[in-house]
Amino acid sequence: MTRAAILSLAILMSMVARGSQPSIDPGAHRIVDLSHAFGPRTLYWPTSSTKFRLESLASGKTEGGYFYSANSLCTPEHGGTHLDAPVHFAERGLTTADIPLEQLVAPSVVIDVSSQAAADRNYRLTRDDVSAFEKRHGPIGRGAIVLLRTGWSRHWPDAKAYLGDDTPGDASKLSFPSYGVEAARLLVDRGVAALGVDTASIDYGRSADFMVHRIAAARNVPGLENLTNLDQLPARGALVIALPMKIEGGSGGPLRAIALVPR
Ligand SMILES: [Zn+2]
């Protein structure tokens, strides 16, 4: 954890300890939104049978003369900016509601492979990339949320550009960058809190065996997928707050993720 992140946590904790109103000093932090909005254009895995649906239950003037609106929403867990709970790929893995908050509120490191991904849309993070990052920015410690920046959120929500193929019902021709298996193994061995990425999956698009998902899930490391705005974060020093909808027994869920970046 960097000194800035420790400081942010210390300030928050001292506020809680003193029983004072927890507040974030807007002068001390920039707040970055890491989530795409959910709507009719939200991208889902091509084999998903349904997408995000918002149905109006009420909208307009009531008999009492005041305005009232409410909607019903329906969505597969895995689409848009979302969390993968470990149980998504490990039978005994944690479900969405059971993931310790310490794994979802933690300092981040941002590994930038956007130039490699621009040259090769099937690029996978390597162990050498992790070593190069650590040489420059210091070790990736236990409890860090790793964010892999590929630059792919610039394609959102163009399915063909973002996923590599837009054939409905067919996930066999996808191509987009993400984590490589050995790099994921290394990061999970370090005890990282979560693996995040600004593409549709913590496995690259061509993966058929979902090894990165399986490696992470086996160690109860959740995934954060379809993130955005990673270019607005420093390599380290931000505090990420990535809280999914608390679904009992869930294998994932819609995720509102933000980052507090010290100014
Ligand atoms: Zn997922």
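Parameters at a glance
- The written sequence of each chain sets the order in which its residues are numbered from 1.
- Given that this is a predicted model, residues contribute local features only at a pLDDT of at least 70 and side-chain atom pairs are listed and counted only at 80 or more, while totals for whole chains, interfaces and linings are drawn from all residues.
- By convention in this description, side-chain values take in all heavy atoms of the structure and omit both hydrogens and water.
- Any N, O or S atom lying within 2.8 Å of the metal counts as a donor, with the limit raised to 3.2 Å for Na, K and Ca; because water is left out of the atom set, some sites can appear incomplete.
- Every geometry call rests on angle ranges, with four donors termed tetrahedral when all angles are between 85 and 135 degrees, four termed square planar and six termed octahedral when opposite donors are over 155 degrees apart and all others are between 65 and 115, and everything else termed irregular.
- We define a salt bridge as a side-chain nitrogen of Lys or Arg found within 4 Å of a carboxyl oxygen belonging to Asp or Glu.
- Strands here are runs of E lasting at least two residues and helices are runs of H or I lasting at least four, both read from the DSSP assignment and numbered beginning at the N terminus.
- Throughout this description, the term nonpolar core refers to a set of buried Ala, Val, Leu, Ile, Met, Phe, Trp, Tyr and Cys residues connected via side-chain atoms within 4.5 Å.
- Burial classification: accessible surface area is computed with a 1.4 Å probe over protein chains only, and a residue below 20% of its type maximum counts as buried, one above 50% as exposed, and the rest as partly exposed.
- In this analysis, two residues are considered to be in contact whenever any of their non-hydrogen atoms come within 4.5 Å of each other.
- Method remark: on a 1 Å grid restricted to protein atoms, a set of points is classed as a cavity if a 1.4 Å probe fits but cannot get out and as a pocket if it is open with protein on both sides within 12 Å along at least five of seven lines; lining residues have an atom within 4 Å of a point.
- Grid points are joined across faces, edges and corners, and a volume is the space filled by probe spheres set on the points.
- Note on residue classes: Ala, Val, Leu, Ile, Met, Phe, Trp, Tyr, Cys and Pro are nonpolar, Asp, Glu, Lys and Arg are charged, and everything else, Gly too, is polar.
- To get an axis, fit a line to the C-alpha atoms, keeping to the stretch in contact for a helix; angles then go from 0 to 180 degrees between the N-to-C directions.
- If an angle is under 35 degrees, it is roughly parallel; if it is over 145, roughly antiparallel; if it lies from 65 to 115, roughly perpendicular; otherwise it is oblique.

Draft legend 1. Main features of the coordination of the zinc ion. Within the protein, His78 (ND1), His82 (NE2), Asp84 (OD) and Glu225 (OE) serve as the donor atoms for the zinc ion, at 1.8 to 2.5 Å. What the four donor atoms of the zinc ion show is an angle range of 71 to 164 degrees at the metal, which sorts the shape as irregular.

Draft legend 2. Main features of the pattern of salt bridges. Under the counting rule described, the total for this entry stands at eight salt bridges. For aspartate 112, the salt bridge goes to arginine 149, with nearest N and O atoms at 3.4 Å. With aspartate 112 in strand β5 (residues 105–112) and arginine 149 in strand β7 (residues 145–149), this residue pair connects regions lying 37 residues apart in the sequence. One salt bridge in this structure joins glutamate 182 and arginine 185, with 3.5 Å as the shortest N-O distance. Here the residue glutamate 182 and the residue arginine 185 both occupy positions in helix α5 (residues 181–189), the gap between them amounting to three residues, near one helical turn. The network of salt bridges with shared partners includes Arg127, Glu182 and Arg185.

Draft legend 3. How the structure looks around the nonpolar core. Within the largest apolar cluster, 26 residues are counted, with the highest numbers of intra-cluster contacts made by Ile111, Leu125, Ile140, Val146, Tyr179, Leu187 and Leu195. Elements with a minimum of two residues in this core: β5, α3 (127–137), β7, α5, β9 (194–197) and α6 (211–218). Setting aside chain neighbours within four positions, we find leucine 125 in contact with Ile111, Val113, Val130, Leu148, Ser178, Tyr179, Gly180, Ala183 and Leu187. The next biggest cluster of nonpolar side chains, apart from the first, holds 23 residues, and it includes Leu34, Ala106, Leu230 and Val240.

Draft legend 4. The arrangement of the layout of surface pockets in detail. Size it by volume and the largest pocket reaches roughly 290 Å³. The wall of the largest pocket is formed by 20 residues, among which Trp45, His78, His82, His88 and Ala200 lie closest to the centre. If you list the elements that add at least two residues to the lining of the largest pocket, you get β4 (82–84) and α4 (159–163). Of the residues belonging to the lining of the largest pocket, the class tally is nine nonpolar, nine polar and two charged.

Draft legend 5. Main features of α6. Judged by how many residues are buried, α6 sits mostly within the fold: six of eight residues are covered. Burial in α6 covers these residues: Met211, Val212, His213, Ile215, Ala216 and Ala217. Looking at the packing, one finds that the buried side of α6 touches β4, β8 (178–179), α5, β9 and β10 (223–225).

Draft legend 6. Representation of the packing of α5 against α6. The contact between α5 and α6 brings their axes to 9 Å, and the two run at 10 degrees. By the angle between their directions, the pair α5 and α6 is classed as roughly parallel. Facing α5, whose interface residues are Val181, Ala184, Arg185 and Val188, α6 presents Met211, Val212, Ile215 and Ala216. Among the residues making up the contact of α5 with α6, the classes are represented as seven nonpolar, no polar and one charged.

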